[in-house]
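Topology and contacts: notes
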Amino acid sequence: MLIKRPPDIKPSEITSLSLYLRRREFLKDSALAGLAIAGLGASAPITAATAEKLVNIRKSPLSTNEELTPFEAVTNYNNFYEFGTDKEDPAANSGKFKPHPWSVQVAGQCAKPGTYNLEDFIKPHALEERIYRLRCVEAWSMVIPWVGIPLADVLKRFEPTGNAKYVAFTTVMRPNEMPGQRRAVLEWPYVEGLRMDEAMHPLTILAVGLYGAVLPNQNGAPLRLVVPWKYGFKGIKSIVKIEFTENQPPTTWNISNGQEYGFYSNVNPEVDHPRWSQGKERRIGEFLKRKTLMFNGYADQVASLYTGMDLQKFY
Ligand code: MTE
């Protein structure tokens, strides 16, 4: 299979994240906005060539060197129920979603709560490319070159207190732009959570891009979570709120069906989903199934977080 790498980038195509965000702000108010934004790919289908590139991305040693899933699959085979429940729906229905301007509310057990615009929220951090496996609970997987920053680096800035045992995340609520939110398929807004040590683990990132370009709407623009040793649904998209909590926060799929989806949701081939096996997975683009690995292949780095826990019980 063809290995897709980010296409060669001409200097003229390059923009920094802050410049990109400011330009979006400017365009929003300009008479040419519709045309220009369409040109940036907000409503036209995004391709590897038209996606807005990011600069100064350093390569992370924490990346896998497995073959990448093609850009077209990563951006057209999605789960983002706010835009519909079919895999093609997020790409088809997210064109009107406006990820800029964007702000993130930081709340709860920390010394520096507040509302931060996206630029300030991520400004001091250097962007990294992290190529991770994504294992969906539906038993398919992809390999995605995310662009992001370690979540720990962001969280530390808000000085969590000793009472911060968990971190809770919330997706934006915009039924006007997100047609799926007008239907009660899930309880809205989508919420997720991590234990503090999981959130601070070096593998956990906040992604702002993929394939060297800003995140397409369907992948969770402008900011989403990526936790590579957990099932994909922990990777909450389009985050507007981060809260440090003392107690374990509710999570959307656990609220929807607690028998099938637990809080931890670590990839575990030994704990089957009640309706199907988790022992194997289909890598998108491949014909034969492959074995699912404990903690999605990241056991060496994360197994110690769960020492002494019964993973059949805490699924
Ligand atoms: N976040 C929100 N807000 N809404 C969703 O429906 N789906 C989750 C997760 N994050 C979802 C979400 C699921 S089930 C998966 S597998 C991943 O997003 C898919 O991410 P991708 O479409 O970028 O591959």
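Heads up: these notes are all about the structure in this document.

Reading the values: the criteria
Residues numbered from 1 in each chain as written. Predicted model: local features only at pLDDT ≥ 70, side-chain atom pairs only at ≥ 80, totals over all residues. Heavy atoms only, no water. Helix = DSSP H or I, 4+ residues; strand = E, 2+ residues; numbered from the N terminus. Buried < 20%, exposed > 50% of the residue type's maximum accessible area, 1.4 Å probe, protein only. Contact = heavy atoms within 4.5 Å. Areas by Shrake-Rupley, 256 points an atom, 1.4 Å probe, with all protein chains shown as cover. Patch = residues over 30% accessible without salt bridge, like charges linked within 9 Å, V, L, I, M, F, W, Y side chains within 5 Å. Salt bridge = Lys/Arg side-chain N within 4 Å of Asp/Glu carboxyl O. Lys, Arg positive; Asp, Glu negative; His and termini not counted. Charge placed at Lys NZ, Arg CZ, Asp CG, Glu CD. Pairing = 2+ DSSP bridges. Axes fitted to C-alpha atoms, helices over the stretch in contact; angles between N-to-C directions.

1. What to know about the overall build of the chain
A tally of helices and strands in the chain yields nine helices and 15 strands. In the chain, which comprises 315 residues, the share counted as buried stands at 53%. Of all intrachain contacts in the chain linking residues separated by at least 6 positions in sequence, the fraction that spans at least 24 positions is 72%. Surface summary for the chain: the accessible area is close to 14,200 Å², and the carbon and sulfur share equals 54%.

2. Brief notes about a positive patch on the surface
Positive charge collects at one region of the surface, where Lys280, Arg282, Lys289 and Lys291 lie side by side. Lys291 gets classed as exposed once you look at its relative accessible area, which sits at 66%.

3. Focus on the environment of Leu225
Among the secondary structure elements, Leu225 is positioned in strand β12 (residues 224-226). Sequence separation between Leu225 and Val208 is 17 residues; the distance between their C-alpha atoms is 9.1 Å. What Leu225 contacts, discounting residues up to four positions off in sequence, is Leu151, Phe169, Leu194, Thr204, Ile205, Leu206, Lys234, Gly235, Ile236 and Ile239.

4. Regarding the sheet that holds strand β4 (residues 103-108)
With mixed pairing, five strands are arranged side by side in an open sheet as β5-β4-β13-β8-β9. With partners counted over all chains shown, the strands left at the sheet margins are β5 (114-117) and β9 (191-195), one partner each. Direction aside, neighbouring strands of the sheet carry axes that sit 20 degrees apart on average.

5. Notes on the pattern of salt bridges
Taken as a whole and assessed by the stated rule, the structure comprises 19 salt bridges. A salt bridge links Glu177 to Arg174, with the nearest nitrogen and oxygen atoms 3.0 Å apart. When its relative accessible area of 16% is taken as the criterion, Glu177 is described as buried. The residue Arg283 makes a salt bridge to Glu281 at a minimum N-O spacing of 3.7 Å. For the pair Arg283 and Glu281, a shared accessibility class is recorded, and that class is buried. Residues participating in the shared-partner salt-bridge network are Glu66, Arg133, Arg135, Glu281, Arg283, Glu286 and Arg290.

6. Some thoughts on unusual backbone geometry
A cis geometry characterises the amide bond from Trp188 onward to Pro189, with omega recorded as -5 degrees. Following the sequence through the fold, Pro189 ends up in the loop between β8 (166-171) and β9. Positive phi is not limited to glycine here, since Tyr211 has a value of about 50 degrees. Tracing the sequence through the fold places Tyr211 in the loop between β10 (205-210) and β11 (213-214). Not every positive phi belongs to a glycine, and Ser238 is a case in point at roughly 45 degrees. Structurally, Ser238 can be placed in the loop between β12 and β13 (239-245).

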